[in-house]
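Take a look at the letters that make up each chain.
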Amino acid sequence: MLEAIQSSSNEEVNAKTNHKYPGIYMIYINNLKSEKYIPIYIGKSIDIQKRYKEHYKEILALNRLSQEEYRSYFLSGNKSFYEGSFKSIKIFKYMIENACTLNDYRMIVLDRNVPSNLLDKKEAEYIDEFKSSFLGFNQFKSFTERIKVLNETPRDNFTVKSYLEDVESDLINIEKYYGYGYTEFNFKHSFPRDLSLIFGSMEKINSEFLPLYSNICDELVRLGLKYVQTYKEDESLRSSVNKKYELICCLRDGYKNILNMIEVNFSDALKNHNSFCDKTVKLFLDSLVYKNNKAYKKEVQKYLKTKKIQNNYYKELGELINDFESSYEKYNVEYEKYLKIREPYEENENLRRKERYSLIMPSINFDNFSLKDALKNSYRESTLTQPNSCLINFSIGNNGRGEKSPFIINITYTYLPFQGSQISQTYYIDNVDNKLIQTGLKYIEKDFYDIFQFKKRKFNIIALLNGEFYDSHISTLAEIKLGINDYTLRNKQLHNIEIVLKEIQDLTDSQTKFYIELSESLNCFKAALPTNMLENNSFIQVILNVNKNRKNFHLKL
């Protein structure tokens, strides 16, 4: 299958393309060494080019992490930091275990300009055709459809039937492909163990769907017993917790109904005295729920006194209050029992979850930047046609926004003399940032450690220097454009920028036609230069005097 993909006429998507249209795409790893996987992922987007950058950036982020750091994001808490974002995690595992590099990461367009209302349908068709949920990196269809079912109120019969059919289809394929791809992980980690958690009791199921529903429930048990060694133990704990939870939900509804009746009665009584007050009604209810806190009752009595209301509503509503207190006491007793049996259940769930995580973590040791770089894919050999012309390319480490400080990674020049062959040279520049990169920066997930960050962003990588955040590294956005990362600079000789520019000047003359390419803006380029060069280097001065609104330009010296 991968050979057919490689030889297909589908358009490739990379950092230099411009596929800004809706459609269906495929990510594939151009390295088929495992008989267990077809290394593909199929997705949809209203902007395929933008989605490429989002996906690729995640892999670039993971490539920067050490094994120890990466494992901590799975094992240091009850749930993985990457929970809900396992697509790139699956791809990363495959690439590490099969000695892939970033050059092997590819994306192609399967279907372009698909109307937005047909994207879901088309995506599902391609996923089913390539079986990427079972052989590749996609999630089961029933998992993505479950979200729609849970969010739909009331549930349409068509939606319910469609979801049950998806579950049935997935069950068939799970058994067929269990030893392939990430089928085992998807089944153990994301597949429903009990449909009652979605639909409630069987009495709530439309009679039309009962045979299908019952058959699925039976299959869930059969496959659980077949593939999950601890199935009986896990289900026993889960069943006990669910039964107790159903009981406390029933008791909770009971005491809340009585409390609602008390609220109505007390509100009506205040209205009869033209003294209704939302705050006082809430205080009255709180005095019943938090009986040991006498302050609530005192506030209620104080309000009644100011309104010259003589009634003792604690006595007048005594029968309802007694019913509430009895019901609330039963709830609290059972809730304590629930917490006691839930504790071993949660401990067991956390243990099983970490066992499942081992299915998506690399099974071999790896270092940061094990996927190396994508310099081979990003390299574009420049061919000049006009004699005595010179192209100079400046690769810049980041865009200088926020706290970042831009720096020049390398300078590549190409010169075509009047006689002889074209000359090309690349020099990595001697500066503080490149030197720090060569010593080995440590990278971390920034939001993982930020206790004040409520909505934590995944794949938001930052470098550490002496225990502090260090923004002036090669950004993932720059890496997408250049194919250069810290791995690229390992063991590279660093050169003084003024000596490099002097070499170019000595090679050319006053009649040479120059072309200058910057990977970032002209202002960013200026910020990346040593301060003394901005003022004293004539070659740099000429570059800075060109049209400042253009990233790519040519000039004559």
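Residues numbered from 1 in each chain as written. Predicted model: local features only at pLDDT ≥ 70, side-chain atom pairs only at ≥ 80, totals over all residues. Heavy atoms only, no water.

Focus on the sheet that holds strand 1 (residues 23-29)
Whenever strands of a sheet pair, they do so through backbone hydrogen bonds, lying parallel or antiparallel. Sheet architecture is open: three strands sit in the order 2-1-3, paired in antiparallel fashion. Two strands lie at the open edges of the sheet, namely strand 2 (40-45) and strand 3 (105-112), each paired on one side alone. The average angle at which neighbouring strand axes cross in this sheet is 25 degrees, direction not considered. Inspection of the sheet shows strand 1 paired to strand 3 by seven bridges, in the antiparallel sense. Residue Y25 lies in a different strand from strand 3, and its bridge partner there is V109. Strands strand 1, strand 2 and strand 3 of the sheet are contacted by helix 2 (residues 48-63), whose axis makes an angle of about 155 degrees with strand 3. Those strands touched by helix 4 (residues 87-97) are strand 1, strand 2 and strand 3, and its axis lies near 30 degrees from that of strand 1. (Pairing = 2+ DSSP bridges. Helix = DSSP H or I, 4+ residues; strand = E, 2+ residues; numbered from the N terminus. Axes fitted to C-alpha atoms, helices over the stretch in contact; angles between N-to-C directions. Contact = heavy atoms within 4.5 Å.)

Examining the sheet that holds strand 9 (residues 468-470)
Strand order in the open sheet made by the three strands is 7-8-9, with antiparallel pairing throughout. The two strands at the open ends of the sheet, each matched to only one other strand, are strand 7 (442-445) and strand 9. Neighbour-to-neighbour, the strand axes of this sheet turn through a mean angle of 50 degrees, independent of strand direction. Bridge count between strand 7 and strand 8 (residues 461-465): four bridges; the pairing is antiparallel. Counterpart to E445 in the pairing with strand 8 is I461.

Looking at the nonpolar core
Counting 63 residues, the largest nonpolar core has Y70, F74, Y82, I89 and Y105 as its most contacted members. A total of seven residues in this core trace back to one element, the largest contributor, which is helix 2. The residues contacting Y105, other than those within four sequence positions of it, are I27, Y28, I29, Y52, H55, Y56, I59, I91 and M95. Grouped together as the second largest cluster of nonpolar side chains are 40 residues, I174, Y177, Y213 and L220 included. (Core = buried A, V, L, I, M, F, W, Y, C linked by side-chain atoms within 4.5 Å. Buried < 20%, exposed > 50% of the residue type's maximum accessible area, 1.4 Å probe, protein only.)

Focus: the pattern of salt bridges
In total, this model carries 31 salt bridges according to the counting rule given. Here D194 ties to R238 by a salt bridge, and the two come within 3.3 Å at their closest N and O atoms. With D194 in the loop between helix 9 (183-190) and helix 10 (196-199) and R238 in helix 12 (residues 231-272), this pair connects stretches of sequence that are 44 residues apart. The exposure class assigned to R238 is buried, which follows from its relative accessible area of 8%. (Salt bridge = Lys/Arg side-chain N within 4 Å of Asp/Glu carboxyl O.)

Focus on the layout of surface pockets
Using a probe with the size of a water molecule, rolled over the atoms, empty space left in the structure can be pinpointed. Roughly 790 Å³ of internal volume is contained in the second largest pocket. For the second largest pocket, the lining is made up of 26 residues, of which R380, N393, K481, L482 and E517 are closest to its centre. For the lining of the second largest pocket, the leading source of residues is strand 4 (residues 389-396), giving four residues. (1 Å grid on protein atoms, 1.4 Å probe; cavity = no way out; pocket = protein on both sides within 12 Å on 5 of 7 lines; lining within 4 Å. Points joined across faces, edges and corners; volume = space filled by probe spheres on them.)

As for the environment of I127
Tracing the backbone through its elements, the reader meets I127 in helix 5 (residues 119-130). The exposure class of I127 is buried, given its relative accessible area of 15%. For I127 and N138, which are eleven residues apart along the polypeptide, the C-alpha to C-alpha distance reads 7.9 Å. When sequence neighbours within four positions are dropped, the list of residues in contact with I127 reads I42, S132, S133 and N138.

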